[in-house]
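# Coordinate analysis (summary)
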Amino acid sequence: MFYSIINIMNTKKIFYNDPNIVNWESKVIDIKKENNFFILSLSETIFYPEGGGQPYDKGEIRSDNWILLVSHVWEEDGKIWHKGILNGCREPLIDEKVELYVDIDLRREYMEQHTAQHLLSALIEKNYSLETTGFQILEDHTKIEIPYRGFDPKGFVNEIESTVNRYIKEDISVKVYWKDEDIRIVEIVGLDVNPCGGLHVNRLGEIGLFKIVDFYKKNNDLWRVEFVAGSRILKRLSMREEEYKYIKEKLGNPDIYDGISKLFTKLETLEKDNKRLRERINKYVAKELIGLAVNKENIRIVLNILEEDINTIKFVVQEIMKENGILGIILNSQGQAIIFRSYDVSTGLFNKILEKLTEIGWKGSKGEYFLQGKVEDPEKAINYIKSLL
């Protein structure tokens, strides 16, 4: 279900007046409903809409007898839309007064990341002459992309991280102003001037701390820098601490390095035992298949479908081929197959089977004794070969 009450009034962006305003009064000017969601446009808003690499705000819009839990905010044709689930005993009304509450912790987190990105990009350009080509604040980290030139990655990370934190400690002022009615400027005084529509802290010191969490090659032209800043560092540390406790508990060892070392030793032992067991099983399977072989012209013919991966089938075939007078085809349910013959079996019947399989779509490698390939229908292939014998 979808309906809309049309009103052409644009939304006034209070968040540009002061990004630290997280509570405001406004009025409903447009209403949409889409399935279980209500979507409101307001005369004024403190909710930042999605755009320019910065995520949208979340929070609540409240009135008498209802609350909209805002989960998505975007701008379209001058209007800012607030989408969410409605709780309460009635629906919103046009011209109704409402109170806005932005999630202050999330807002501050996004501001810290965005300003940290400006600082990081400015210092990379200043010190390495590399321009940032992409930027996005994600749920648990922020990423930028740069045309990396092959210098030492570890050295780069250590140097740029140290430089960013030094600037943060200097607590340099961050100014935001409009160059004209369309261009908004964010300036880190003495370092960087850039057009930007996002929200920022007033001083670099408000970021607190900066940490690069990953630096890797995205493609032949670009490298990606992933980082966290400010309150996200504490969130990430808390999450890692919980993971650390969980790992220690599961390992049963307060020393993670020692616990993991012992775990890998056990795993290696289990893998060796498993390998020996699989070899025994595969030898048994090979012996069983030989016992089920059909005799034709003094040749034992093995035809079967195994519910195994192709590597296991290879091992079984290698065991079977140790016997004399064997020819066969073994497939799995995915159509992967191996055609094979013992070294004492002539090519006549082998080539005949291959020729007939080719007629029903066999595609595979070439060889004298061992061919790997694929058919579309394993059951059809087996039944077709049986009909020739």
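Look up: the structure comes first, before these words.
As the structure is a computational prediction, the values presented were derived from the model and not from experiment.

### Some points on the environment of Lys32
Residue placement: Lys32 occurs in strand 3 (residues 23-34). Residues Lys32 and Lys250 lie 218 residues apart in sequence; the distance between their C-alpha atoms is 50 Å.

### Notes on helix 3 (residues 231-251)
Across its 21 residues, helix 3 extends 30 Å between first and last C-alpha, which sits within 8% of the 30 Å expected from 1.5 Å per residue. Just downstream of helix 3 lies Gly252, where phi reads positive at about 65°.

### Overview of the packing of helix 4 (residues 256-291) against helix 5 (residues 310-320)
Their axes nearest at 9 Å, the elements helix 4 and helix 5 cross at an angle of 60°. Comparing the axis directions of helix 4 and helix 5 gives the class oblique. Crossing of helix 4 against helix 5: the hand is right-handed. Contacts between helix 4 and helix 5 involve Arg278, Glu279, Asn282, Lys283, Val285, Ala286, Leu289 and Ile290 from the former and Thr312, Phe315, Val316, Glu319 and Ile320 from the latter. Tallied by class, the residues present in the contact of helix 4 with helix 5 amount to 7 nonpolar, 2 polar and 4 charged.

### Thoughts on helix 1 (residues 104-128)
A rise of 1.5 Å per residue sets the reference length of helix 1, with its 25 residues, at 36 Å; its end C-alpha atoms lie 36 Å apart and thus fit the reference within 8%. Most of helix 1 sits out of view: 19 of its 25 residues are buried. Put simply, Asp103 is the residue that caps the front of helix 1, since its side-chain oxygen is 3.2 Å from the backbone nitrogen of Asp105. Downstream of helix 1 by a residue or two, Ser129 has a phi angle that is positive, lying close to 55°.

### A word on the sheet that holds strand 18 (residues 299-305)
A sheet is described by the order of its strands in space; here 6 strands give the open sequence 17-18-19-20-22-21, paired in mixed fashion. Each end of this open sheet is capped by a strand with a single partner; those strands are strand 17 (294-296) and strand 21 (363-364). Pairing between strand 19 (residues 326-331) and strand 20 (residues 336-341): 5 bridges, direction antiparallel. Bridging from a neighbouring strand, Ile330 pairs with Ile338 of strand 20. Along the sheet, helix 6 (residues 347-359) makes contact with strand 18, strand 19, strand 20 and strand 22 (370-374), crossing strand 20 at roughly 160°.

### What about the pattern of salt bridges?
Taken as a whole and assessed by the stated rule, the structure comprises 22 salt bridges. Linking Lys262 and Asp258 is a salt bridge whose minimum nitrogen-to-oxygen distance equals 3.3 Å. Note that Lys262 and Asp258 are positioned in helix 4 at a spacing of 4 residues, about one turn of the helix. For Lys262, a relative accessible area of 48% puts it in the partly exposed group. Taking the relative accessible area as the measure of exposure, Asp258 reaches 31% and is therefore partly exposed.

### Brief notes about the packing of aromatic side chains
How two aromatic rings sit relative to each other is set out by the distance from centre to centre and by the angle between their planes. One pass over the full model with this rule turns up 8 aromatic pairs. Considering the side-chain rings of Tyr16 and Trp178, the 5.5 Å spacing of their centres and the 80° angle between planes classify their relative orientation as edge-to-face. Residue Tyr16 is found in the loop between strand 2 (12-13) and strand 3, and its partner Trp178 is found in strand 12 (residues 174-178); the two are separated by 162 residues along the sequence. Among the residues examined, Tyr16 registers a relative accessible area of 21% and is labelled partly exposed. Judged by its relative accessible area of 43%, Trp178 is partly exposed. A centroid spacing of 5.0 Å and a plane angle of 35° characterise the contact between Phe210 and Phe227, whose relative ring orientation is tilted. Taken as a pair, Phe210 in strand 15 (residues 210-217) and Phe227 in strand 16 (residues 223-229) lie far apart in primary sequence, 17 residues in all. Taking relative accessible area as the criterion, Phe210 reaches 2% and is therefore assigned buried. Residue Phe227 is classed as buried on the basis of its relative accessible area, which comes to 0%. Three or more aromatic residues joined by ring pairs form one cluster here, namely Phe15, Tyr16, Tyr48 and Trp178. Stacked on the ring of Trp81, the Lys or Arg Lys32 has its end atom at 4.1 Å from the ring centre. One residue, Arg341, lies across the ring of Phe350, its end atom 5.3 Å from the ring centre.

### Let's talk about a nonpolar patch on the surface
Nonpolar side chains collect at one region of the surface, where Ile260, Phe264 and Leu267 lie side by side and expose about 260 Å² of accessible area between them. Considering the arrangement of structural elements, one finds Leu267 in helix 4. A relative accessible area of 39% places Leu267 in the partly exposed class.

The rules behind these values
Residues numbered from 1 in each chain as written. Predicted model: local features only at pLDDT ≥ 70, side-chain atom pairs only at ≥ 80, totals over all residues. Heavy atoms only, no water. Helix = DSSP H or I, 4+ residues; strand = E, 2+ residues; numbered from the N terminus. Expected span 1.5 Å × (residues − 1). Axes fitted to C-alpha atoms, helices over the stretch in contact; angles between N-to-C directions. Parallel < 35°, antiparallel > 145°, perpendicular 65-115°, else oblique. Left-handed = near helix turned anticlockwise from the far one by under 90°. Contact = heavy atoms within 4.5 Å. Nonpolar A, V, L, I, M, F, W, Y, C, P; charged D, E, K, R; others polar. Buried < 20%, exposed > 50% of the residue type's maximum accessible area, 1.4 Å probe, protein only. Polar contact = N/O pair within 3.5 Å; in protein donor to acceptor, adjacent residues only side chain to side chain. Pairing = 2+ DSSP bridges. Salt bridge = Lys/Arg side-chain N within 4 Å of Asp/Glu carboxyl O. Phe/Tyr/Trp six-rings, centres within 6.5 Å; stacked < 30°, edge-to-face > 60°. Lys NZ or Arg CZ within 6 Å of the ring centre and 35° of its normal. Patch = residues over 30% accessible without salt bridge, like charges linked within 9 Å, V, L, I, M, F, W, Y side chains within 5 Å. Areas by Shrake-Rupley, 256 points an atom, 1.4 Å probe, with all protein chains shown as cover.

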